Amino acid sequence: MKETVNYQELMRVWRNPTGLASLTLVNHKAVGLRYIVTAFVFFGFGGLLALTMLLQLSRPGLSILSPYTYNQFFTMHGTTQMFLFAVPVMEGLGIYLVPLMIGARDAAFPRLNAFGYWVYLIAGVTLYASLLLGRAPDAGWFNYVPLSGPEYSPNVNIDFYTAAISFLEIAALVAAVELIVTIFKLRAPGMSINRMPLFVWAILVMSFMIVFAFPPLVLGSIMLQLDRMVGTHFFNVAAGGNPLLWQHLFWWFGHPEVYIIAIPAFGMISMVIPVFARRHIIGYLPVALSLLTIGLVSFGLWVHHMFTTSVSFLGMSLFAAASMAIAIPSGVQVFAWVGTIYESRRLLWRTPLLFSSGFVVLFVLGGITGVMVASVPFDWQVQDSHFVTAHFHYVLIGGAVFPLFAGLYYWYPKLTGRLLDERLGRLSFWLMFVGFNVAFFTMHYTGFMGMPRRVSTYMFGRGWDTPMLITAVGAFVLAAGIAVTLVAAISAHTRPADAPADPWGGGTLEWATASPPPPYNFEMIPAVNHRTPLWPATGQVGPADTYYHPRDDQRETIGTSILDAEPQQRVLLAGNSVWPVLLALAVAITFIGSIVTLVAVPIGAFLSFIAIAGWNWPREVGA
Ligand code: HEM
Ligand SMILES: [Cu+2]
């Protein structure tokens, strides 16, 4: 039975302030949207850098970019796409969708959420400011020492890298912590861990991976910053330091990073395919377990990025074997997706399914070249060539951007109340799919022909000019495809927001509330007794008829037990506050200020202390 809901109170308590006061809002949907939109803006910037690079390489001997600028461009491109686009966009989607999927009114720590966003924004703007100043990082996205050390890079460029990256990763870490607690403690009563939507599983695994992968990166960049600024010798051979230490710290983070991006993408595909195949996914349990396995095993692969260093043969063999083994849990997922499509009796070929199928094809291809480069002698041949660039774009664009577009077309009505145009969606898909393959399949060949990555130009007569021209043309077609989706997204907003709550017939809880959802998500929290509570085939219509009713006059949701989701407590959630943005600014002074002067560090630390005190100042409940 439903109790009466006091909508007036709900709206008052959950209101999102507008204008300047919107700096204070903390609601997970507002913060999630900010993450997603900001990440796509950075994706656009990173894409423009890539197009300029390929324009430069389309003919031999061009001088659109000087070698010095070219170095900044590929470094900023890689850094942008990995740190400012791929990870934040996945976290943003998690922040937006997870509370809806698990039937909570907000995430566990709304203020921390908002704080993370501001940190991310400031770090991104700082990196792009360095590019505008012509002083962007230029030692590649993995920033190897000794090239990036004080001796060979005395300029400020690398300081931007070390300061901005260690600062930025605070954002990734707080979002991860916040998502883990939300998933463990705020699931609707009855949503035991084996009933969680697969996307929630994926976000859980991703978040744990972030918690284990990012601290070594932060540590490494702080150590490098100390080498550069106060003359420590962590990486300085002459003084007993070790440059390989940087590679270990970086790739301990860097390899899992690829899966930190790919796992949420897998999760999205596992949500989209069943809805358009009109059946449950085949092998829910193996799929969930293989997500976990990939997460674990991916921490044992990092040395495959170091096959051309002095690591022992035994070590290399072990890491090569582990790198090949990860194809197994990845394969489990592929079989589940293909099987689900194959077993469907009523496939709905809409844009989300198109992008999902395109993903499966590209991901398999990227996986195959991955197994190839996991073989040590093969890697020795293609190391640092365009073959590697081709391989990792198959994994990153095929394995993350395509699923992201599938997810975008699928959840856009939930996020905005507007469906994206189907014809534009198809056009966008085909342009992207064809353009991508023309560009990057060709790159494998150029790599075999010996074209090294990270060169700003090359000479006539190497046999690279025709394939590079084809690659450039393909990249522009890919970009045109992305632009079509941008047009679709903008034109959707010229139409009224009239999307129904569940336009695709989805089965999970995010479709049980309006599109877009009200700020409090659910007036009552439904009790769940099935993996797809909205699908009637299981003998029940709609969410179970038991509801839990948190209070309407304060920000409240239901806390449940970790495994079985038995209702345990009412959880009081924090409201809007100015302190998250102020704390982000104070921490920014510490990190970003250190580029200019080390005095900024104690000043920033002191201001952070004040902001943390303000954040925790006792206040009235419900205020
Ligand atoms: C939008 C289409 C894209 C195009 C046309 C493109 C093109 C390129 C090219 C040509 C390079 C090699 C530059 C060189 O070595 O001289 C490169 C490097 C790279 N790309 Fe992309 N890329 C795209 C999207 C992405 C995405 C979405 C990601 C990650 C999620 C990504 C990650 C990287 C990384 C990590 C590097 C290595 C940078 C370095 O060497 O430090 N790219 N890209
Ligand atoms: Cu790797």
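It should be noted that the structure appears before, not after, this text.
None of these values were measured; they are calculated from a predicted model.

**Examining the packing of helix H3 (residues 67–101) against helix H13 (residues 386–416)**
Taken N-terminus to C-terminus, the directions of H3 and H13 make an angle of 35°; their axes are 12 Å apart at the nearest point. Judged by the sense of rotation from one axis to the other, the crossing of H3 with H13 is left-handed. Side by side, H3 and H13 meet where His-77, Met-82, Phe-85, Val-89, Met-90, Leu-93, Tyr-96, Leu-97 and Met-101 of the first sit next to His-393, Leu-396, Ala-400, Val-401, Leu-404, Trp-411, Lys-414 and Leu-415 of the second. Here the contact of H3 with H13 is composed, by residue class, of 14 nonpolar, two polar and one charged.

**Details of helix H10 (residues 327–342)**
For H10, with 16 residues, the first-to-last C-alpha span of 22 Å sits near the 22 Å given by 1.5 Å per residue. Pro-329, Ser-330, Gly-331, Gln-333, Val-334, Ala-336, Trp-337, Gly-339, Thr-340 and Ile-341 are the residues of H10 that are buried. Where H10 is buried, its residues touch helix H7 (243–277), helix H8 (284–297), helix H9 (313–325) and helix H11 (351–373).

**With respect to the coordination of the copper ion (ligand 2)**
Every protein donor of the copper ion (ligand 2) is accounted for by His-255 (ND1), His-304 (NE2) and His-305 (NE2), and the metal-donor separations fall at 1.7 to 2.0 Å. Spacing between the donor residues of the copper ion (ligand 2) along the chain follows H-x48-H-H. In this pair, His-255 sits in helix H7 while His-305 sits in the loop between H8 and H9, placing the two residues 50 residues apart along the sequence. His-255 gets classed as buried once you look at its relative accessible area, which sits at 6%.

**Let's talk about the side chain of Thr-38**
In this structure, Thr-38 sits in helix H2 (residues 28–57). Taking relative accessible area as the criterion, Thr-38 reaches 11% and is therefore assigned buried. Among residues more than four places away in sequence, those in contact with Thr-38 are Tyr-117, Tyr-120 and Leu-121.

**A look at the coordination of the iron atom of ligand 1**
Protein coordination at the iron atom of ligand 1: the donors are His-77 (NE2) and His-393 (NE2), at 2.0 Å from the metal. Around the iron atom of ligand 1 sit six donor atoms; with metal-centred angles ranging over 88 to 179°, the donor geometry is octahedral. Within this pair, whereas His-77 is found in helix H3, its partner His-393 is found in helix H13, the two being separated by 316 residues in sequence. By the burial criterion, His-77 is buried, and His-393 matches it.

**Some words on the pairing of strand S3 (residues 556–560)**
In terms of residue burial, S3 counts as a mostly covered element, since five of its five residues are buried. As judged from the five bridges shared by S3 and strand S4 (residues 567–572), these two strands associate in the antiparallel manner. Bridge assignment links Glu-556 to a residue of S4, and that residue is Leu-572. Connecting S3 to the next strand, S4, in antiparallel fashion are six residues, including Ala-565 with a positive phi near 55°.

**Observations concerning the site of ligand 1**
As a structural note, the neighbourhood of ligand 1 is formed by 23 residues, with Tyr-70, His-77, Trp-141, His-393 and Arg-454 the closest of them. His-77 is positioned such that a nitrogen or oxygen atom in its side chain is 2.8 Å from a nitrogen atom of ligand 1. Within the side chain of Arg-454, a nitrogen or oxygen atom sits 2.7 Å from an oxygen atom of ligand 1. Of all the elements in the fold, those that place two or more residues in the shell around ligand 1 are H2, H3, H13, helix H14 (422–448) and helix H15 (465–492). Of the residues belonging to the shell around ligand 1, the class tally is 15 nonpolar, six polar and two charged.

**Examining the pattern of salt bridges**
Two side chains of opposite charge can pair, provided their charged atoms sit close to one another. For the structure shown, the criterion picks out seven salt bridges. With its nearest N and O atoms 3.3 Å apart, the salt bridge here joins Arg-350 to Glu-422. Here the residue Arg-350 occupies a position in the loop between H10 and H11, and Glu-422 occupies one in helix H14, the gap between them amounting to 72 residues. Using a relative accessible area of 31% as the deciding quantity, one classes Arg-350 as partly exposed. Glu-556 is paired through a salt bridge with Arg-570; the nearest N and O atoms lie 2.6 Å apart. Highlighted residues: Glu-556 in strand S3 and Arg-570 in strand S4, separated in sequence by 14 residues. On the accessibility criterion, Glu-556 (3% relative accessible area) is buried. On the basis of relative accessibility, which here comes to 51%, the residue Arg-570 falls in the exposed class.

**What to know about a nonpolar patch on the surface**
Together, Ile-589, Val-599, Ile-603, Phe-606, Leu-607, Phe-609 and Ile-610 make up a nonpolar patch on the protein surface, roughly 650 Å² of accessible area in all. On the secondary structure map, Leu-607 appears in helix H17 (residues 600–616). On the accessibility criterion, Leu-607 (33% relative accessible area) is partly exposed.

**Focus on the packing of aromatic side chains**
A full pass over the atoms with the stated rule returns 61 aromatic pairs. In this structure, Arg-531 packs its charged tip against the face of Tyr-284, placed 3.7 Å from the ring centre.

**Some words on the packing of H7 against H8**
Contact pair H7 / H8: the axes reach a minimum separation of 10 Å and the direction vectors enclose 175°. As summarised for this structure, H7 and H8 are arranged roughly antiparallel, according to the angle between their axes. Along the contact surface, H7 presents Tyr-259, Ile-263, Phe-266 and Ser-270, while H8 presents Val-287, Leu-291, Ile-294 and Gly-295. Here the residues of the contact of H7 with H8 are counted per class, giving six nonpolar, two polar and no charged.

**A look at unusual backbone geometry**
Cis geometry marks the peptide bond from Val-145 to Pro-146, where omega comes out at 0°. Among the secondary structure elements, Pro-146 is positioned in the loop between helix H4 (110–132) and helix H5 (157–185). Cis geometry is adopted by the peptide bond preceding Pro-516, which originates at Ser-515 and carries an omega value of -15°. As for its placement among the helices and strands, Pro-516 is situated in the loop between H15 and strand S1 (525–526). The backbone phi angle of Asn-521 is positive, close to 65°, even though this residue is not glycine. Inspection of the secondary structure puts Asn-521 in the loop between H15 and S1. Here Asn-521 falls in the buried class, since its relative accessible area comes to 0%.

**Regarding the side chain of Asn-143**
Following the sequence through the fold, Asn-143 ends up in the loop between H4 and H5. Here Asn-143 falls in the buried class, since its relative accessible area comes to 0%. With near-sequence residues (within four places) excluded, Asn-143 lies in contact with Ser-148, Ile-158, Tyr-161, Leu-224 and Trp-246.

Thresholds, definitions, all that
- Residues numbered from 1 in each chain as written.
- Chains lettered and ligands numbered in written order.
- Predicted model: local features only at pLDDT ≥ 70, side-chain atom pairs only at ≥ 80, totals over all residues.
- Heavy atoms only, no water.
- Axes fitted to C-alpha atoms, helices over the stretch in contact; angles between N-to-C directions.
- Helix = DSSP H or I, 4+ residues; strand = E, 2+ residues; numbered from the N terminus.
- Left-handed = near helix turned anticlockwise from the far one by under 90°.
- Contact = heavy atoms within 4.5 Å.
- Nonpolar A, V, L, I, M, F, W, Y, C, P; charged D, E, K, R; others polar.
- Expected span 1.5 Å × (residues − 1).
- Buried < 20%, exposed > 50% of the residue type's maximum accessible area, 1.4 Å probe, protein only.
- Donors = N, O, S within 2.8 Å, 3.2 Å for Na, K, Ca; no water.
- Tetrahedral: all angles 85-135°; square planar, octahedral: opposite > 155°, others 65-115°.
- Pairing = 2+ DSSP bridges.
- Near = heavy atom within 4 Å.
- Polar contact = N/O pair within 3.5 Å; in protein donor to acceptor, adjacent residues only side chain to side chain.
- Salt bridge = Lys/Arg side-chain N within 4 Å of Asp/Glu carboxyl O.
- Patch = residues over 30% accessible without salt bridge, like charges linked within 9 Å, V, L, I, M, F, W, Y side chains within 5 Å.
- Areas by Shrake-Rupley, 256 points an atom, 1.4 Å probe, with all protein chains shown as cover.
- Phe/Tyr/Trp six-rings, centres within 6.5 Å; stacked < 30°, edge-to-face > 60°.
- Lys NZ or Arg CZ within 6 Å of the ring centre and 35° of its normal.
- Parallel < 35°, antiparallel > 145°, perpendicular 65-115°, else oblique.

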